[in-house]
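# Structural overview
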Amino acid sequence: YLCWSLLVQFGFSLWASVLISLGFGALLGWTIERLAIRPMIGQPLFTTIMITIALSGLLKGMVIMGWGGIIKPYPEFFPVAGLRLGGIVLSEQLALCFVVALLLVATFTLFFQRTKTGLAMRAVAEDHQVGQAVGISVKSIFSRSWVIAAVTGAIGGILLGSINGIQPQLSDIGLKAIPVVLLGGLESVPGAIIAGLIVGALESVVAGYLDPLLGAGMGGFKSVFPFIILM
């Protein structure tokens, strides 16, 4: 939403809008971790989950208050022409978004395997006490994790918004990450890629073949199919 406002309402350039939005995302992630998540360290996991659900509702409400609930289209900054590969026609816009996503995944893979901070994050995810025992600051890792997550979410939101426009329900796409991650393996980045492709392909098949047969309007069965896969 911030990127859309900078582009449409204030006339900023694309790169300036994206960079400012990512900076704001980092600040938002750091603030959420410091004010809402850090006090939950040591508390039952269910408590933290409830806090994040409450935050989701709060942020959606703030978005509706500030921008309204109708879909807002992004200016066209990716080509929308068809890309022909043999007998298949692909959306050039979707293909470019896919390439950006793959580059991000490759960057994260190297980050978690090759950098000191990435290895420290994996250690803390495995066991807080063991991480502390080898000199890792768990609080610092929590803060960095939320900053990275918020920036990644901002990039995903901008890419999705460029395809379908932005609306408060855009964040619901995050729920589909749960079946993907569990299907691919919680600690496997390549597994998440493969599972994401599988879930995405099956969603398209369901939307094309089962939804019309079952009379599920607006992609109803498609929306729940990732969770059927999960079960």
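Structure: see above.
Cut-offs used in this document
- Residues numbered from 1 in each chain as written.
- Predicted model: local features only at pLDDT ≥ 70, side-chain atom pairs only at ≥ 80, totals over all residues.
- Heavy atoms only, no water.
- Salt bridge = Lys/Arg side-chain N within 4 Å of Asp/Glu carboxyl O.
- Helix = DSSP H or I, 4+ residues; strand = E, 2+ residues; numbered from the N terminus.
- Patch = residues over 30% accessible without salt bridge, like charges linked within 9 Å, V, L, I, M, F, W, Y side chains within 5 Å.
- Areas by Shrake-Rupley, 256 points an atom, 1.4 Å probe, with all protein chains shown as cover.
- Buried < 20%, exposed > 50% of the residue type's maximum accessible area, 1.4 Å probe, protein only.
- Expected span 1.5 Å × (residues − 1).
- Contact = heavy atoms within 4.5 Å.
- Pairing = 2+ DSSP bridges.
- Axes fitted to C-alpha atoms, helices over the stretch in contact; angles between N-to-C directions.
- Parallel < 35°, antiparallel > 145°, perpendicular 65-115°, else oblique.
- Left-handed = near helix turned anticlockwise from the far one by under 90°.
- Nonpolar A, V, L, I, M, F, W, Y, C, P; charged D, E, K, R; others polar.

Quick look at the pattern of salt bridges now. Following the criterion strictly, the structure yields 2 salt bridges and no others. When the shortest N-O distance is used, the salt bridge between Glu 33 and Arg 38 registers 3.3 Å. Between Lys 176 and Glu 203 there is a salt bridge; the shortest N-O distance is 2.8 Å. Here the residue Lys 176 occupies a position in the loop between helix H7 (138-164) and helix H8 (177-184), and Glu 203 occupies one in helix H9 (residues 189-214), the gap between them amounting to 27 residues.

With that out of the way, let us pick up a nonpolar patch on the surface. Taken together, the side chains of Phe 24, Leu 27, Leu 28, Trp 30, Leu 58, Leu 59 and Met 62 make up a nonpolar region of the molecular surface, amounting to roughly 640 Å² of accessible area. Taken together, the elements giving at least two residues each to the nonpolar patch come down to helix H2 (14-37) and helix H3 (45-67). If you trace the backbone, Leu 59 turns up in helix H3. Taking the relative accessible area as the measure of exposure, Leu 59 reaches 32% and is therefore partly exposed.

Here we take up H3. Because an α-helix completes one turn every 3.6 residues, residues spaced three or four positions apart along the sequence face the same direction. Across its 23 residues, H3 extends 33 Å between first and last C-alpha, which sits within 8% of the 33 Å expected from 1.5 Å per residue. Taken together, the buried positions of H3 are Thr 48, Leu 55 and Val 63. Taken together, the buried residues of H3 touch H2. Phi for Gly 68, located one or two positions after H3, is positive at around 85°.

Let us look at the pairing of strand E1 (residues 82-85). Note that E1 and strand E2 (residues 88-91) share 4 bridges and pair antiparallel. Counterpart to Gly 82 in the pairing with E2 is Ser 91.

Its 24 residues place the ends of H2 32 Å apart at the C-alpha level, agreeing with the 34 Å of an ideal helix rising 1.5 Å per residue. Listed in full, the buried residues belonging to H2 are Ser 17, Val 18, Ser 21, Leu 22, Gly 25, Gly 29, Ile 32, Glu 33, Ala 36 and Ile 37. Residues of H2 that are buried in the fold lie against helix H1 (2-9), H3 and H7.

What follows deals with the packing of H8 against helix H10 (residues 220-230). Where H8 meets H10, the axes come as close as 9 Å, and the angle between the chain directions of the two elements is 30°. Here H8 lies roughly parallel to H10, going by the angle between them. H8 and H10 meet at a crossing whose hand is left-handed. Between H8 and H10, the contacting residues are Ile 178, Pro 179, Leu 182 and Leu 183 on the first element and Pro 226, Phe 227, Ile 229 and Leu 230 on the second. The residue makeup of the contact of H8 with H10, split by class, is 8 nonpolar, no polar and no charged.

What follows is about the side chain of Glu 33. With respect to the element layout, Glu 33 can be found in helix H2. If we ignore the near neighbours within four places in the chain, the residues touching Glu 33 are Arg 38, Lys 139, Phe 142, Ser 143 and Trp 146.

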